[in-house]
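Structural overview for review
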Amino acid sequence: MSPDRLIHMANQIGKFFQNQGHDRAVPGIAEHIKKFWDPRMRKAIFAHLDAGGTGLDPYVRDALEKLKRA
Amino acid sequence: MSLIKEIDFGTPRAKSEAMVTLTIDGQAITVPEGTSIMRAAMEAGTQIPKLCATDMVDAFGSCRLCLVEIEGRAGTPASCTTPVAPGLVVHTQSERLKKLRKGVMELYISDHPLDCLTCAANGDCELQDMAGAVGLRDVRYGYEGDNHVFARSGGAVNPAWMPKDESNPYFTYDPSKCIVCSRCVRACEEVQGTFALTIAGRGFDSRVSPGMSESFLGSECVSCGACVQACPTATLTEKSVIEIGQPEHSVVTTCAYCGVGCAFKAEMRGEEVVRMVPYKDGKANRGHSCVKGRFAWGYTNHKERILNPMIRERIEDPWREVSWDEAFSFAAAKFKAIQQKYGRDAVGGITSSRCTNEETYLVQKLIRAGFGNNNVDTCARVCHSPTGYGLSQTFGTSAGTQDFDSVEETDVVIVIGANPASAHPVFASRLKKRLRQGAKLIVIDPRRTEMVEAPHLKALHLPLMPGTNVAVMTALAHVIVTEGLVNEAFVRERCDWSEFEEWAAFVAQPNNSPEATAILTGVDPKALREAARIYATGGNGAIYYGLGVTEHSQGSTTVIAIANLGMVTGNIGRPGVGVNPLRGQNNVQGSCDMGSFPHELPGYRHISTDAVRDQFEAMWKVQLNPEPGLRIPNMFDAAIEGSFKGLYVQGEDILQSDPNTSHVVAALSAMECVIVHDLFLNETANYAHVFLPGSTFLEKDGTFTNAERRIQRVRKVMTPKNGLADWEVTIALGKAMGFEMQYNHPSEIMDEIAALTPTFAGVSYAKLDELGSVQWPCNEKAPEGTPVMHIGGFVRGKGKFIVTEYLATDERTGPRFPLLLTTGRILSQYNVGAQTRRTENVVWHSEDRLEIHPHDAEQRGVRDGDWIRLKSRAGETTLRALITDRVAPGVVYTTFHHPDTQANVITTDYSDWATNCPEYKVTAVQVSPSNGPSDWQKAYEAQAKHSRRIAAVVEAAE
């Protein structure tokens, strides 16, 4: 699916958790995406991450890395 | 079956817990203090004659028919206005009373037509009943003198006579039959709260007057029908009764319009509805209704209703009427082929928030167990999905905390992002009644809504800029925390203290103060501080909210902010308080409860939870996919990308209701098979390949769950005109796809729901028949349901404060798009208007108009009624302007009830961060004068016309 839209959605999630600090925000973002995103959406954002992850906010990038490893 | 006649006790129930015993006609009776003698007598089984009294309104004491004698007291007091007292000895019948009553009736009848045989109220006339009750045998005064009955009197025109007012499409007003009992006037004031009626003139000149002697249609009347229901004669009568006659049986059912969930008696003659009358035992509506529920059911018989299944290969082809079997095999073959070609996850479905719980449950079951994926969503995605997320995070349940009765104990009400007077009218009436008793009202809304302008009410209105809810809610919290108004005892006992401390430190930051945020929100800091103080210190505080909260990029954040406010002030867990989402459609709550979201099984349990999935797998005898499926906006994106090809839509019109219409068109056009299951060829059907005709709420059994979590029965009063109830259609579609679901009646579906869903464990049709309704959770712990949630503690354990930082939406105004568009509803129309546009309700709202402030209009050379072009980054449309200062400069507003306006051509793809609920409420737009429809509108109309063609049926040759 269109990476631009997914990047926007992921960063929106990231912004909600931003003020909780890195240690709480990263698992918070990862859990949210795991719970609510269909596998094809996750696959597409992971592909974008692998391609450099341009446009992803730092916490979101960390969260996606974590989710991908899990 | 017979006609349900509710007992009219004459005066409302007294709420006192102190009991009083008295004697009426030799019989001892004990009633609450404050009860009228009339009511006490009725409770003892004695009906005292009455005309001006009815238990929906307070006693008035004008008809002088309900006189009684009380031992030791002089005279003959009216029993409706005389309260009981300990030891009273009352006589309801004596020679003196008989004479007095007969005299009163004689006077009434001397100025009343004697056309009883041809009168529409024949068989349902209290005046006739009372004439019988008092033994009236003749009228000594004759009919020659002054009267209101005859158009001509003594050969001359009778100035006291007035013709019938037939202006309202649903009822008539015949002044010649009026006895000036004031029941209609009082119902309009006390029950509805509109104050549209009055008694004009004095003495013999007295008469009911809508507004200043206007017609009903021309007055402020909102056509709720409370006056018609209250009228004891044929003065105010439903046109359907005039046309058909009196009903012979009735069935209690639930309204299929908004989330209030009014209970109605469907009054029938055979399989024909004569009228819908709100049911006094309905716990949501307590005998009241609005124009939609009571009157706007004509769509069920509308000529445009489709009654035969239809199919076509391509959307460019005309529809072809086929048998049910052919339609099911065609649809099943298409879906199977898609899954074979593109994979199991390439199809999905949308459950309907207008259908029953049982039907919704079946559609999600078909998708999860039959299609083998979790691509199921519902229209709550685009309305209250943030409520589900926000309240489950903070409190632990995805639902409102109160019942509607709770408002009777509320002292301070905050209404934010909701206009109940338009969208939840019966709740609004109940709220306004409480406000007139002295409760305080705070309205947070960009527009000066009907709630702000309601008669005899004074609201503190905080007109905020669209998109700044979080800033305003956090500023309210700032005042509460920094001015020491926190209910610390509650927070320490019920909530996580360290989370509270973190949150309190955040809201106390100077940048969250009303003064600092005013530049963003436009709200006067003084007014905001006052609102916070009133809510925190004014007694029982309740918050009611609607889609003006949820349909934003920060919708879920605002819901969390609301929950934070409830917790910090201790306004959770008892009657009179709470956090109350006002649900848009009749069964939004139910469709969410029934597992319509792609990540949740019924009862809000995540699909990835093995133990929960195990239960469903055991019952359904299939293996379920543990991964969440696509949400509606994701389905559209996936369709455009090419991985989603088939959609079954039950009772929703996503093309009209979802944002950015061009995007939805692109998505639907990219699909290979769209199945629309609906009453009408709606807008979505223009892009469909299979049309399965739907049944109305009058034609099936089931349950709806309203905004109070109240589960109520929907009862079949007629055979489905299309042949099958919607639940039967879903079963047959599943069967054609090779997935068997075996139920003989919707009650069996509810039994399965109860077996699989802990919060519904105690629900059954037998219990609903016995109790009338129950509010979930209904289980072993709460066998009769749960009116108020979180008593003594939160469902999740400790209440969770979560920091809510305001972030501006990415949808920004600028030089090209300087105005902010926000959208909403109007009283007479409902959602996409598929039903209400096909009723007489169009007399009140025949088109969507753009509300614009006089300043903005003048700058653009726009006059009231002019055609204007409304343009956003997503698209453009044209509609007519309505110049009003109800909207602030810089803000414009419209409704989305008419497909030829297509307000959603304008709205964008932006959505709530947590749930993808679209941001309908904030779109940057420009307004300019226009000569007529936009290119989009012309092309759309042409496509719709082409797509709706139905091929003529060719008779087979002999």
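Residues numbered from 1 in each chain as written. Chains lettered and ligands numbered in written order. Predicted model: local features only at pLDDT ≥ 70, side-chain atom pairs only at ≥ 80, totals over all residues.

1. Side note on the overall build of chain A
Of the regular secondary structure elements, chain A holds four helices and zero strands. Radius of gyration (C-alpha) of chain A: 11 Å, near the 11 Å computed for a compact globule of 70 residues. Summarising its shape, the C-alpha atoms of chain A cover approximately 30 × 20 × 20 Å along the three principal directions. Looking at chain A as a whole, 46% of its 70 residues are labelled buried. (Helix = DSSP H or I, 4+ residues; strand = E, 2+ residues; numbered from the N terminus. Rg over C-alpha atoms; globule rule 2.2 N^0.38 Å. Buried ≥ 20, exposed ≤ 12 C-beta atoms within 10 Å, placed from the backbone.)

2. A look at the overall build of chain B
Helix and strand counts for chain B come out as 29 helices and 36 strands. Relative to the globule expectation of 30 Å for 958 residues, the C-alpha radius of gyration of chain B, 29 Å, shows essentially globular dimensions. When each of the 958 residues of chain B is scored for burial, the buried share is 58%. Look at the contacts in chain B between residues 6 or more apart in sequence, and 72% of them connect residues 24 or more apart. (Contact = placed C-beta atoms within 7 Å.)

3. Concerning helix α16 (residues 514–521) of chain B
All names here are of chain B. For α16, every residue scored as buried is listed here: Pro 514, Thr 517 and Thr 521. Looking straight down α16, one finds its buried side chains confined to an arc of 75°; they lie on one side. Taken together, the buried residues of α16 touch α13 (469–482) and α17 (525–537). Following α16 by one or two positions, Gly 522 adopts a phi angle in the positive range, close to 75°. (Arc of directions from axis to C-beta.)

4. A few points about the sheet that holds strand β13 (residues 272–278) of chain B
The strands making up a sheet associate through backbone hydrogen bonding, with each pair oriented either parallel or antiparallel. All names here are of chain B. Read from one edge to the other, the open sheet built from three strands follows the order β11-β12-β13, with strand pairing classed as antiparallel. On the outer flanks of this sheet lie β11 (249–254) and β13, each paired with one strand and no other. Pairwise comparison of adjacent strand axes, ignoring direction, gives a mean angle of 30° for this sheet. Pairing of β11 with strand β12 (residues 263–269), which is carried by six bridges, proceeds in the antiparallel orientation. By the bridge assignment for β12, Thr 254 is matched with Ala 263. (Pairing = 2+ DSSP bridges. Axes fitted to C-alpha atoms, helices over the stretch in contact; angles between N-to-C directions.)

5. So, the interface of chain A and chain B
Taken together, the 15 residues of chain A in the interface contact 18 residues of chain B. Residue assignment for the side of chain A that touches chain B shows that the elements contributing at least two residues are α1 (3–18), α2 (22–36) and α3 (39–50) of chain A. Take the side of chain A that touches chain B: its biggest share by element is five residues, from α1 of chain A. Counted by class, the side of chain A that touches chain B contains seven nonpolar, three polar and five charged residues. (Nonpolar A, V, L, I, M, F, W, Y, C, P; charged D, E, K, R; others polar.)

6. Some points on the sheet that holds strand β2 (residues 27–32) of chain B
Residues and elements named next belong to chain B. Here we have four strands laid out as an open sheet, ordered β2-β1-β4-β3, and mixed in their pairing. Each end of this open sheet is capped by a strand with a single partner; those strands are β2 and β3 (69–70). Two elements, β3 and strand β4 (residues 89–91), share two bridges in a ladder whose sense is antiparallel. Across the sheet, the residue bridging to Glu 69 is His 91, located in β4.

7. Observations regarding helix α4 (residues 58–69) of chain A
All names here are of chain A. A rise of 1.5 Å per residue sets the reference length of α4, with its 12 residues, at 16 Å; its end C-alpha atoms lie 17 Å apart and thus fit the reference within 8%. All buried positions along α4 are accounted for by Tyr 59, Val 60, Ala 63, Leu 64 and Leu 67. All buried residues of α4 lie within an arc of 135° about the axis, which places them on one face of the element. Facing away from the buried side of α4 by more than 90 degrees, the exposed set consists of Pro 58 and Arg 69. On its buried side, α4 packs onto α1, α2 and α3. (Expected span 1.5 Å × (residues − 1).)

8. Overview of the domain arrangement of chain B
All names here are of chain B. Taken domain by domain, chain B holds domain 1 (19–93), domain 2 (152–301), domain 3 (317–380 + 587–775), domain 4 (385–581) and domain 5 (819–946). At the interface, 22 residues of domain 4 touch 23 residues of domain 5. Where the side of domain 4 that touches domain 5 is concerned, the elements lending two or more residues are α10 (385–394), α11 (420–423), α18 (547–550) and α19 (555–568). The leading source of residues in the side of domain 4 that touches domain 5 is α10, at three residues. Per-class residue counts for the side of domain 4 that touches domain 5 are eight nonpolar, 11 polar and three charged. (Domains from an automatic or database assignment.)

9. Description of the pairing of strand β16 (residues 347–351) of chain B
Residues and elements named next belong to chain B. Most of β16 is tucked away: five of the five residues are buried. In terms of strand pairing, β16 meets strand β25 (residues 646–650) through four bridges, oriented parallel. Of the residues in β25, the one forming a bridge with Ile 350 is Val 649. Relative to strand β17 (residues 376–378), β16 runs parallel, the two sharing three bridges. From the neighbouring strand, Ile 350 faces β17, where its bridge partner is Asp 377. Once the chain exits β16 it traverses helix α9 (residues 357–371) before rejoining the sheet at β17, and the crossover so formed is right-handed. (Right-handed = clockwise from strand over helix to strand, strands pointing away.)

10. Digging into the environment of Met 105 of chain B
Residues and elements named next belong to chain B. Among the structural elements, Met 105 can be located in helix α2 (residues 95–109). Along the backbone, Met 105 and Pro 933 are 828 residues apart, and their C-alpha atoms lie at a distance of 62 Å. Those residues within four positions of Met 105 in sequence are excluded, and the remaining contacts are Met 130, Ala 131, Val 134 and Leu 136.

11. Focus: unusual backbone geometry
Residues and elements named next belong to chain B. Omega for the bond connecting Trp 776 with Pro 777 falls within 30 degrees of zero, at 0°, which places this linkage in the cis form. The residue Pro 777 is located in the loop between β30 (773–775) and β31 (819–824) in this model. Backbone geometry at Tyr 604 places phi at a positive 60°, although glycine is not the residue there. The residue Tyr 604 is located in the loop between β23 (600–601) and β24 (605–606) in this model. Notably, Asn 831 is not glycine yet its phi reads approximately 50°, a positive angle. With respect to the secondary-structure elements, Asn 831 resides in the loop between β31 and β32 (849–852).

12. Overview of the packing of α10 of chain B against α19 of chain B
Residues and elements named next belong to chain B. Where α10 contacts α19, the axes come no closer than 8 Å and their chain directions differ by 40°. When the interaxial angle is binned, α10 and α19 end up oblique. Two packed elements cross with a definite hand, and for α10 against α19 that hand is right-handed. In contact with Pro 386, Thr 387, Tyr 389, Gly 390, Leu 391, Gln 393 and Thr 394 of α10, α19 contributes Gly 555, Ser 556, Val 559, Ile 560 and Ala 563. Looking at the contact of α10 with α19 residue by residue, the classes come out as six nonpolar, six polar and no charged. (Parallel < 35°, antiparallel > 145°, perpendicular 65-115°, else oblique. Left-handed = near helix turned anticlockwise from the far one by under 90°.)

13. Considerations on the pairing of β12 of chain B
Residue and element names in this part refer to chain B. Counting buried residues along β12, six of its seven residues qualify, which places the element largely inside the surrounding structure. With six bridges joining them, β12 and β13 adopt antiparallel strand pairing. Along β13, the bridge assignment pairs Glu 267 with Arg 275. Hairpin connection, β12 to β13: the antiparallel pair is bridged by two residues, and Gly 270 has positive phi, about 60°.

14. Thoughts on the confidence of the model for chain B
For chain B, the mean per-residue pLDDT works out to 95, and 99% of the residues sit at or above 70. Taken over the whole predicted complex, pTM reads 0.95, whereas the ipTM for its chain interfaces reads 0.96. (pLDDT = per-residue confidence, 0-100.)

15. Observations concerning the environment of Phe 46 of chain A
Residue and element names in this part refer to chain A. Assignment of secondary structure puts Phe 46 in helix α3. Residues Phe 46 and Pro 3, 43 residues apart in the sequence, show an inter-C-alpha distance of 9.8 Å. With residues up to four places along the chain from it excluded, the contact list for Phe 46 reads Leu 64 and Lys 68.

16. Brief notes about the packing of α1 of chain A against α2 of chain A
Residue and element names in this part refer to chain A. Packing of α1 against α2 leaves a shortest axis separation of 9 Å and a crossing angle of 140°. Regarding the angle of α1 to α2, the classification is oblique. Of the two possible hands of crossing, α1 and α2 adopt the one that is right-handed. Every residue of α2 that contacts α1 at Ala 10, Ile 13, Gly 14, Phe 17 and Gln 18 is listed here: Ala 25, Gly 28, Ile 29, His 32 and Ile 33.

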